[in-house]
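Structural characterization, general
Residue-level listing of the chains:
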Amino acid sequence: MTTMNQQILLASRPAGEPTASNFRLVQTPVGEPADGEVLVRHHYLSLDPYMRGRMNEGKSYIEPQALGEVMGGGSVGEVVASRNAGFAVGDKVVGMGGWQEYQLVGASQVATLQKVDTTHIPLAAYLGAVGMPGVTAWQGLTQIIAPKAGETVVVSAASGAVGGAFGQLAKTRGARVVGLAGGPEKCAYVTRELGFDACIDYKLHKDLESLGGALKSACPGGIDGYFENVGGMTLDAVLLHSNTFARIAVCGMISGYNGEPIPMLHPTLILVNRLKLQGFIVTDRLDLWPAALQELGSMVASGKLKYRETVAQGLASAPEAFMGLLKGRNFGKQLVKLV
Ligand code: NDP
């Protein structure tokens, strides 16, 4: 009997918030690997905020997702058939297989598949703490913010895949770490489980004065580094309490991903405080990935780096889970479990 591959395609481009109608679930037969090819069965898919940007047409730091094609994205799984000497049936791999149950990896794309060791690190962690989000946190910390022991750093979306890793890595460098997260449950997790020094529930602060006041109390010595994940009022509040020569790593601005404008009220403070403000994309520095993965992998294996996952079940749940991610319904790394 022919095995079928369920896939989710981009059916149309969203105007504002994505809806279920932007996605289409289809089934196609799973092909047999030809010479040099590998067939991977996906166990987990990664859902990431950057996918929202790829649903738009137009210039960005990454090519737009083509209409009618399988939604792209990170995946982990197991080799189920191979005609490539580098991969054997049973190998666990991480790749960019996208929103589908199987990926037939062509000979020219095999280099994008990496074999991973699941002896001490769970397979799904290669999509989170020991994968792209972890490396993102590591790069922003070590390449841009570079805190000295005793300095205060702040991170938004602190309970998430990137933010959680950032704060824990910063603690290992002796920094004082303050997070911002949405809701008391996420904040309690950030301080009690992840070991941050403080966490501000930004949803309790509806205006700049209130949020700025909360940051001032949580950072009595001012802010030396900020890892920006959300944009908007949070950035302004951080600018108001930044110290001279503070560093801001602009990693993401999720509050604007559906096209919302993100005004900035106090850019003059960049000059006044001689701030370094640098945007970065984790794939620009592939040379740094091995060192980052080394540190992240050993911290996860030894239990020093903690993380949380929200796991949607089955491919058909991916669009809803993705839409939830953009609204903060996830708690930690958002995954879709297929096997
Ligand atoms: P998360 O696991 O942190 O999930 C996203 C979180 O963003 C939500 O849980 C929610 O947390 C928060 N959020 C959503 N909407 C808003 C809003 N309007 N205002 C404030 N917070 C909001 O995702 P990731 O860890 O995967 O990604 C975090 C950031 O890092 C994103 O901006 C992403 O685009 C960026 N990124 C950038 C990379 C790069 O190379 N530059 C690479 C990877 C990620 P809460 O409930 O706390 O509000």
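None of the values given here were measured: they were computed from a predicted structure.

Here the structure, examined in full by the defined rule, presents 1 cavity of 30 Å³ or more. What the largest cavity holds in volume is close to 100 Å³. G160, A161, K306, Y307 and R308 are the residues nearest the centre of the largest cavity, which is lined by 16 residues in total. Considering each element in turn, the lining of the largest cavity owes the most residues, 4 residues, to helix α3 (residues 161–172). Its residues assigned to classes, the lining of the largest cavity comprises 7 nonpolar, 6 polar and 3 charged. Each of domain 1 (4–128 + 308–337) and domain 2 (132–283) gives at least three residues to the lining of the largest cavity.

This model, assessed by the stated rule, comprises 9 salt bridges. Across the pair E295 and R173 runs a salt bridge whose closest N-O atoms are separated by 2.7 Å. Taken together, the positions of E295 in helix α8 (residues 289–301) and R173 in the loop between α3 and β9 (176–181) put the pair 122 residues apart, joining distant regions of the chain. In this structure, D287 and R285 form a salt bridge, with 2.7 Å as the shortest nitrogen-oxygen distance.

What follows is about the packing of helix α2 (residues 132–145) against α3. As a packed pair, α2 and α3 sit with axes 8 Å apart at the nearest point and diverge in direction by 45°. As the angle between them shows, α2 and α3 are arranged oblique. As for the relative orientation of α2 and α3, their crossing is right-handed in sense. Contacts between α2 and α3 involve P133, G134, T136, A137, W138, L141 and I145 from the first element and A161, V162, A165, F166, L169 and A170 from the second. Across the contact of α2 with α3, the residue classes tally to 11 nonpolar, 2 polar and no charged.

Time to look at the site of the ligand. Around the ligand there are 27 residues in total, and K186, Y202, Y257, V282 and N330 lie nearest to it. Contact between the ligand and K186: an oxygen atom at 2.6 Å from a side-chain N or O atom of the residue. In this structure, Y202 approaches the ligand through a side-chain N or O atom, which is 2.4 Å from an oxygen atom. Coverage of the ligand by the protein amounts to 91% of the 910 Å² it exposes when considered alone. Among the residues forming the shell around the ligand, the class breakdown is 17 nonpolar, 9 polar and 1 charged.

Grouped together as the largest cluster of nonpolar side chains are 48 residues, with contacts concentrated most on F166 and F227. Mapped by element, the contributors of at least two residues to this core are α2, β8 (152–155), α3, β9, α4 (184–193) and α8. Inspection of this core shows a minimum of three residues originating in each of domain 1 (4–128 + 308–337) and domain 2 (132–283). Residues V178, A214, L239 and A246 belong to the second largest nonpolar core, which totals 23 residues.

Cut-offs used in this document
Residues numbered from 1 in each chain as written. Predicted model: local features only at pLDDT ≥ 70, side-chain atom pairs only at ≥ 80, totals over all residues. Heavy atoms only, no water. 1 Å grid on protein atoms, 1.4 Å probe; cavity = no way out; pocket = protein on both sides within 12 Å on 5 of 7 lines; lining within 4 Å. Points joined across faces, edges and corners; volume = space filled by probe spheres on them. Helix = DSSP H or I, 4+ residues; strand = E, 2+ residues; numbered from the N terminus. Nonpolar A, V, L, I, M, F, W, Y, C, P; charged D, E, K, R; others polar. Domains from an automatic or database assignment. Salt bridge = Lys/Arg side-chain N within 4 Å of Asp/Glu carboxyl O. Axes fitted to C-alpha atoms, helices over the stretch in contact; angles between N-to-C directions. Parallel < 35°, antiparallel > 145°, perpendicular 65-115°, else oblique. Left-handed = near helix turned anticlockwise from the far one by under 90°. Contact = heavy atoms within 4.5 Å. Near = heavy atom within 4 Å. Polar contact = N/O pair within 3.5 Å; in protein donor to acceptor, adjacent residues only side chain to side chain. Areas by Shrake-Rupley, 256 points an atom, 1.4 Å probe, with all protein chains shown as cover. Core = buried A, V, L, I, M, F, W, Y, C linked by side-chain atoms within 4.5 Å. Buried < 20%, exposed > 50% of the residue type's maximum accessible area, 1.4 Å probe, protein only.

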